[in-house]
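Each chain, letter by letter, is given below.
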Amino acid sequence: MACPFSVVVAIDFGTTSSGYAFSFTDTEAIHMMKRWEGGDPGVANQKSPTCLLLTPDLRFHSFGFSARDFYHDLDPDEARHWLYFDKFKMKIHSTSDLSMETELEAVNGRKVRAIEVFAHALRFFREHAIKEVKEQSSSVLEGEEIRWVITVPAVWRQPAKQFMREAAYLAGLVSPDCPEQLLIALEPEAASIYCRKLRLHQVIDLSAQPITNSLGMEGSRPFDSSFRQAREQLRRSRHSRTFVVESGTGELWSELQTGDRYVVADCGGGTVDLTVHQIEQPQGTLKELYKASGGPYGAVGVDLAFESMLCQIFGEDFIASFKAQRPAAWVDLSIAFEARKRTAAPGRANALNICLPFSFIDFYRRHRGHSVEAALRRSSMNIVKWSSQGMLRLTQEAMNELFQPTIQNIVRHIEELMSRAEVQGVRFLFLVGGFAESPMLQKAIQRSVGRCCRVIIPHDVGLTILKGAVLFGLDPTVVRVRRCPLTYGVGVLNRFVEGRHPRDKLLLKDGREWCTDVLDRFVCVDQSVALGEVVRRSYTPARPGQRKIIINIYCSPTDDVLYVSDPGVRRCGTVTLDLPITPSPGAASEGQRREIRASMQFGDTEIKVTAVDVLTSRSVRATIDFLSN
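Throughout what follows, the structure given in this document is the object of discussion. (Residues numbered from 1 in each chain as written. Predicted model: local features only at pLDDT ≥ 70, side-chain atom pairs only at ≥ 80, totals over all residues. Heavy atoms only, no water.)

## Focus on the nonpolar core
Reasoning step 1: Membership of the largest hydrophobic core comes to 97 residues, with the highest contact counts inside it found for Phe314, Val384, Leu394, Leu429 and Ile445.
Reasoning step 2: Top element by residues in this core is helix α14 (residues 396-418). It accounts for 10 residues.
Reasoning step 3: Contacts of Val384, omitting those with residues within four sequence positions, involve Met309, Ile313, Leu376, Leu392, Arg393, Leu394 and Ala398.
Reasoning step 4: Counting 49 residues, the second-largest nonpolar core is a separate cluster that includes Phe24, Trp148, Ile150 and Phe163. (Core = buried A, V, L, I, M, F, W, Y, C linked by side-chain atoms within 4.5 Å. Buried < 20%, exposed > 50% of the residue type's maximum accessible area, 1.4 Å probe, protein only. Helix = DSSP H or I, 4+ residues; strand = E, 2+ residues; numbered from the N terminus. Contact = heavy atoms within 4.5 Å.)

Put into structure tokens, the structure is as follows:
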């Protein structure tokens, strides 16, 4: 397929960290973004923290490390007026009635429209990426030559995907008139596309490590040392930012035959996302075997557990007022915890120390009239101790308590998926995403499924999705068959059949008996849909001279629904067909009814619609909207 774009830029917009990478369509190399200013010691910065700072008068100030550092250095009284946003992607997943008006709350409590915050972040990436692309390429690029790819979790619904697209339009990445210039990539799918290219020296096979059931030091040694080696290798390869994609597929793949199945578990900051793929040889395309599953069980869950542990020790009211009045110190404390969280390992015998900011200790004494140390002595939390150096000491037990709820949710999700008939015979489980770096999570997954399949972790586990998203932008047809996450359809009138249709659905119209609210299904949940496969329906305007047809789309998580009024069915979007005025060659005579044929595509990462006026064979402007409900 000749690519009309000369460069593909992918943005991995993560819950905790974000980044971009790009590739020129005539080369096989993927360029990772430049190393960022700022950054934490001990954390490899190929990505930047997803945090954003707006000035008190709501103008964009900075993103990433610079936003965090600037905010941190502000005078506390001044900081209260600035708007700092952190981990804001979660809101898009958790809001059930997402719209263009949905708001995000900054650390100081002020609210801004979410779409504007997302657009600021995307605009920031756009400027950085274009600048870097121009440095690499002598031919000056025009905007139309770039294809943009933005990653989203596969478990996101249509409104959230459309929201990202609207934010990209607002940020000026592409124009709404050229929608095909922007692709929405599903995170685990991108990871899967990249995993096809892996060579054996680029992965760690956890199954090659002996599994022990003891949590003693001995049990974790072989496991940890292999991971340490990999980390070292990763650190060495980090300064080379260009990654050459081998043509063809990697050695792991040569072990896989046509029809082999594997699972990609994308464990990120906000969500866990599971996808099951099957390989189709010789072309190496992928087929999805089961609808994307997962949920809001990301590494952020561990941070929230830490916050509630602090609330238990120091009181919820204190933590709330500390966050409100010393917002920068709160961010500091979160960073300190984040850095220690990465080092938590299952076999660790010694406690983890977390440095409490001076302002926390000082604020607590003023607020409560006694010391932090006294609070720890009084609390029932005997797994958290006080160190005379001004640190909280979290014992191994405490770390387990913080990690376990999130890890158990992830493992439960993976086990449920593995028990399904469609997933039997899985050879590999690829563990990717930022949280996949956690030895605590690795060990739990290996212990849970390591006996039935090989657990594989790519070395650059946090960048897997970013690289895969670039590959997806270069060839979006690589995933040939997807599964529908929901049942979609429209409400129609059918002839009323006595005994089959309930009486309360009876409608008399022009002397005929009709049954209302019948759900005419386009696709069913978990149905296989091939790329480019369309569902066609014809619609006729109700009256002459009508300028628009608006059709409500309904969705349901099950496929046993008959009527749009059934429990679980909800209106989720609208299709709008614009009707041009007809006086044109072959225009409809008075007696002839006009027919508009709409075609909907469900096999892509987003649902698309096109329409044609049958009489004139002209295409009709058709839009599908999931946001303005």
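## Notes on the packing of aromatic side chains
Reasoning step 1: If you walk through the whole model with that rule in mind, you get 28 aromatic pairs.
Reasoning step 2: Seen in terms of ring centroids, Tyr20 and Phe125 are 6.1 Å apart; in terms of plane orientation they differ by 75°. Their pairing is edge-to-face. With a gap of 105 residues between them, Tyr20 in strand β2 (residues 17-24) and Phe125 in helix α4 (residues 114-136) connect regions that are remote in the sequence.
Reasoning step 3: According to the relative accessible area criterion, Tyr20 is buried, its value standing at 2%.
Reasoning step 4: Pairing Phe318 with Phe360 gives two aromatic rings, centres 5.3 Å apart and planes at 90°, and the pair type is edge-to-face. (Phe/Tyr/Trp six-rings, centres within 6.5 Å; stacked < 30°, edge-to-face > 60°.)

## Describing the sheet that holds strand β19 (residues 391-394)
Reasoning step 1: Strand order across the open sheet formed by 3 strands is β17-β19-β18, with antiparallel pairing between neighbours. Because the sheet does not close on itself, it has two edges, and the strands there are β17 (352-355) and β18 (384-387). Across this sheet, the average inter-strand angle for adjacent strands is 30°, counted without regard to direction.
Reasoning step 2: Bridge count for β17 against β19 is 4 bridges, and the pairing is antiparallel. Residue pairing across strands places Ile354 opposite Leu392, the latter belonging to β19.
Reasoning step 3: Against the sheet, helix α9 (residues 300-314) touches β17, β18 and β19, its axis set at about 115° to β19. (Pairing = 2+ DSSP bridges. Axes fitted to C-alpha atoms, helices over the stretch in contact; angles between N-to-C directions.)

## Comments concerning the pattern of salt bridges
Reasoning step 1: Taken as a whole and assessed by the stated rule, the structure comprises 30 salt bridges.
Reasoning step 2: For Arg113, the salt bridge goes to Glu101, with nearest N and O atoms at 3.7 Å. Of the two residues, Arg113 sits in strand β9 (residues 111-113) while Glu101 sits in the loop between α3 (90-94) and β8 (103-105), which places them 12 residues apart along the sequence.
Reasoning step 3: For Arg113, a relative accessible area of 26% translates into the label partly exposed. (Salt bridge = Lys/Arg side-chain N within 4 Å of Asp/Glu carboxyl O.)

## Let's talk about the packing of α9 against helix α10 (residues 316-325)
Reasoning step 1: It is the contact of α9 with α10, at a shortest axis distance of 6 Å, that shows an interaxial angle of 120°. Judged by the angle between their axes, α9 and α10 are oblique. Residue-level contacts link Glu307, Leu310, Cys311 and Phe314 of α9 to Glu316, Phe318, Ile319 and Lys323 of α10.
Reasoning step 2: Taken together, the residues of the contact of α9 with α10 break down into 5 nonpolar, no polar and 3 charged. (Parallel < 35°, antiparallel > 145°, perpendicular 65-115°, else oblique. Nonpolar A, V, L, I, M, F, W, Y, C, P; charged D, E, K, R; others polar.)

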